[in-house]
Amino acid sequence: MPVNLSIKNVPDHVAEQLRRRAAKHHRSLQGELMAVLEESISKKRTLTPAQLLEELRAAGVRTPGESARFVREDRDARSSG
């Protein structure tokens, strides 16, 4: 059964940003609030490219640029030694 929620004392700057977001998505303020709530609790997690790279590095995964650097360092060490 649906529940009615109320948010009180929303700062003006937050309300204005929400209004802009609603207009951008062609939604009412109520529709945008619902979308924000649904996004925040969804299981799907969206990362920015920087966040994804940070997580990959933390997991020990190397990027192609880093791989090329490792290959060059190894090659240079062999040719100078």
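Our structure's up above, just so we're on the same page.
Calculation notes
- Each chain carries its own residue numbering, running from 1 in the written order of its sequence.
- Two thresholds apply to this predicted model, a pLDDT of at least 70 for residue-level local features and 80 or more for giving and counting side-chain atom pairs, whereas whole-chain, interface and lining totals are computed over all residues.
- Computation of side-chain values: all heavy atoms of the structure, hydrogens and water removed.
- Helix and strand labels come from DSSP, where a helix needs a run of H or I of at least four residues and a strand needs a run of E of at least two; each type is numbered from the N terminus.
- Residue count minus one, scaled by 1.5 Å, sets the expected span of a helix.
- Each residue's exposure class comes from its accessible area (1.4 Å probe, protein chains only) as a fraction of the maximum for that residue type: buried when under 20%, exposed when over 50%, partly exposed otherwise.
- The arc in question is the one spanned by the directions pointing from the helix axis to the C-beta atoms.
- Note on definitions: a residue-residue contact is assigned when non-hydrogen atoms from the two residues lie within 4.5 Å.
- Each salt bridge in this description consists of a side-chain nitrogen of Lys or Arg and a carboxyl oxygen of Asp or Glu lying within 4 Å of one another.

## Thoughts on helix H1 (residues 12-24)
With 13 residues, H1 should cover 18 Å at 1.5 Å per step; its first-to-last C-alpha distance of 18 Å lies within 8% of that length. Listed as buried for H1 are Ala15, Leu18 and Ala22. Projection of H1 onto a plane perpendicular to its axis shows the buried side chains occupying an angular sector of 60 degrees, all on one side. Turned more than 90 degrees away from the buried face of H1 sit Asp12, His13, Gln17, Arg20, Ala23 and Lys24, all of them exposed. The secondary structure elements touched by the buried residues of H1 are helix H2 (29-41).

## Brief notes about the pattern of salt bridges
All told, the structure shown has six salt bridges when counted by the stated rule. Across the salt bridge formed by Glu32 and Arg21, the nearest N and O atoms sit 2.3 Å from each other. Here Arg21 lies in helix H1 and Glu32 lies in helix H2, a separation of 11 residues in the sequence. Using a relative accessible area of 0% as the deciding quantity, one classes Glu32 as buried. Residues Arg27 and Glu32 are paired through a salt bridge, measuring 2.9 Å at the closest nitrogen-oxygen approach. Judged by its relative accessible area of 36%, Arg27 falls in the partly exposed class.

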